[in-house]
Amino acid sequence: MKLTLQQLQRITLENQGLLQTSPFGKGKKAVLNALEHLGYLQIDTLSIIERAHHHTLWTRMPDYQTQYLDELVEERKIFEYWFHAASYLPMKDFRFVLLQMLDVKQSKTHYYNADPKVMQYVLDTIRNEGPKKARDFENETKKAGSWWSWKPTKVALERLFLQGDLMVSGRNGMQKTYDIKERVLPLNVNTTVPTDLEFAEYLVNTYLQAYGFTTVKQITHLKTGELIRKNIDEVLNKMLQNGTIQQINIENLPSVFVPNDLLEKSLSKVSPIIRILSPFDNSIIHRDRVKQLFDFDYKIECYTPKEKRQYGYFCLPILFGDTFIGRVDCKAHRKEKQFEIIHLHIEHQSSDIEFWRKPFVETIRRFATFNGCESIKLTKVSPPKLADTLKRALKNDENKAERTTSAIRKQGFRAS
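Within any chain, residue numbers begin from 1 and follow the written order of that chain's sequence. The predicted origin of the model limits local features to residues at a pLDDT of at least 70 and limits the giving and counting of side-chain atom pairs to 80 or more, whereas totals for whole chains, interfaces and linings rest on all residues. In computing side-chain properties, one takes all heavy atoms of the structure into account and sets aside hydrogens as well as water.

**Topic: the packing of helix H1 (residues 5-15) against helix H10 (residues 196-211)**
- In this description, a line fitted to the C-alpha atoms serves as the axis of each element, helices being fitted only across the stretch in contact, and the angle between N-to-C directions of two axes falls anywhere from 0 to 180 degrees. Under the DSSP-based scheme used, a helix requires at least four consecutive residues in state H or I and a strand at least two consecutive residues in state E, with every element numbered from the N terminus. Following both chains from N to C, one finds H1 and H10 inclined at 100°, their axes separated by 6 Å at the closest point. For the element pair H1 / H10, the angle class is roughly perpendicular. Two secondary-structure elements touch here, H1 through Ile11, Thr12 and Asn15 and H10 through Leu208, Gln209, Ala210 and Tyr211.
- Amino acids outside the nonpolar list (Ala, Val, Leu, Ile, Met, Phe, Trp, Tyr, Cys, Pro) and the charged list (Asp, Glu, Lys, Arg) are all regarded as polar, and Gly is one of them. Of the residues belonging to the contact of H1 with H10, the class tally is four nonpolar, three polar and no charged. Roughly parallel means an angle under 35 degrees; roughly antiparallel means over 145; roughly perpendicular covers 65 to 115; every other angle is labelled oblique. For this analysis, residues touch if any pair of their heavy atoms sits within 4.5 Å.

**Some thoughts on unusual backbone geometry**
- In this chain, Ser382 is followed by Pro383 through a cis amide linkage whose omega measures 0°.
- In this fold, Pro383 is placed in the loop between strand E14 (381-382) and helix H16 (387-410).
- Its identity as a non-glycine residue notwithstanding, Arg76 has a phi of 65°, on the positive side.
- Turning to its location among the elements, Arg76 is positioned in the loop between helix H4 (67-74) and strand E2 (78-82).
- With relative accessibility at 21%, the residue Arg76 sits in the partly exposed group.
- The backbone of Lys337 shows a phi angle near 55°, a positive value even though the residue is not glycine.
- With respect to the helices, strands and loops of the structure, Lys337 is situated in the loop between strand E11 (323-333) and strand E12 (338-346). Think of it in three bands: with a 1.4 Å probe and only protein chains considered, a residue is buried below 20% of the maximum accessible area for its type, exposed above 50%, and partly exposed in between.

**Some thoughts on the environment of Leu41**
- Here Leu41 lies in strand E1 (residues 41-42).
- On the accessibility criterion, Leu41 (0% relative accessible area) is buried.
- Between the alpha carbons of Leu41 and Ala85 there is a distance of 9.2 Å; along the sequence they are 44 residues apart.
- With sequence-adjacent residues up to four places away left out, Leu41 is seen in contact with Leu35, His53, Thr56, Leu57, Leu69, Ala86, Ser87, Tyr88 and Asn282.

Quick look at the structure:
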């Protein structure tokens, strides 16, 4: 079986839910469907624009609402833990974090090296008094006669969370509420600790499902040790032998493993849709993979010194159909309700503005609304010759929206 590079691009974008308008359905159920398909959703604290976990879901769900994640946590259908970073995961996969929890619990060198007495105090307090936030303990430490300070309790909370004694039972923005595991984990959840081989199977199947195909490097991303590599090789070899997957070689790319049933499916037609992706979106989090597949060299620069930045503090990749055409550095000025396009970079040589202008304006307008903004400010465009055309397009779109709102109001309705 031969595959072209373009076929691989479309396979992975379709499996990531980026070729269709509502690939996972609508409403809160779509959020659960997406998480169970993608395997995880990275949580990030940066709020230059709407936070990454909300942004990633909005990209795939036009009707997404930020409260859906909190509700699913409260309904015990998803949970928080560490995948390659802080993440939401489907509750059905809970048993596959148990190995990491045990590693933390048994480790004497873990960087959350909490005082055992403080850990016991925190655990007993939550068990006896109910769910607590970190700031609840901060208040306690200010009382006269307290023998601990807030910092050790914060470390204890994180250690207890990572080793599985505590779970996140809810959130208020980025403020987590912790409770003991027994009061959060549903009774019907499988808590059998997987073998190392079962864990390898979970990783292989998760990546194949979420990306359509995978490589050994992707599966072992940030996972060290010879054993994990050996087990993944064993799982892949077994799947090759029983005909579940095929190993395919494409020039200048590492070997990829593709499910046989996927090779028989027809790919969705590529729609001329613009997607503005989060830097932590599942589809681009493996930077080497994106560079090899799409010839798009992406790096988030908020951690880069200002004088060394090439594209901006919080640049977002722009996907047009199945092609990355550039990136946009932007910021939501929430107090002024203004969404600023600090610098729009269009890089792809064949990206004619007549093709992507309209979908870009439509998407950036929706994105601004999602970020709680009512107006858009375009500050800089590269190449500069595109600036006037885009400014006119944004202005025309704004005038059209105002006329529509005015017409609705004249008919006695309130615009949503």
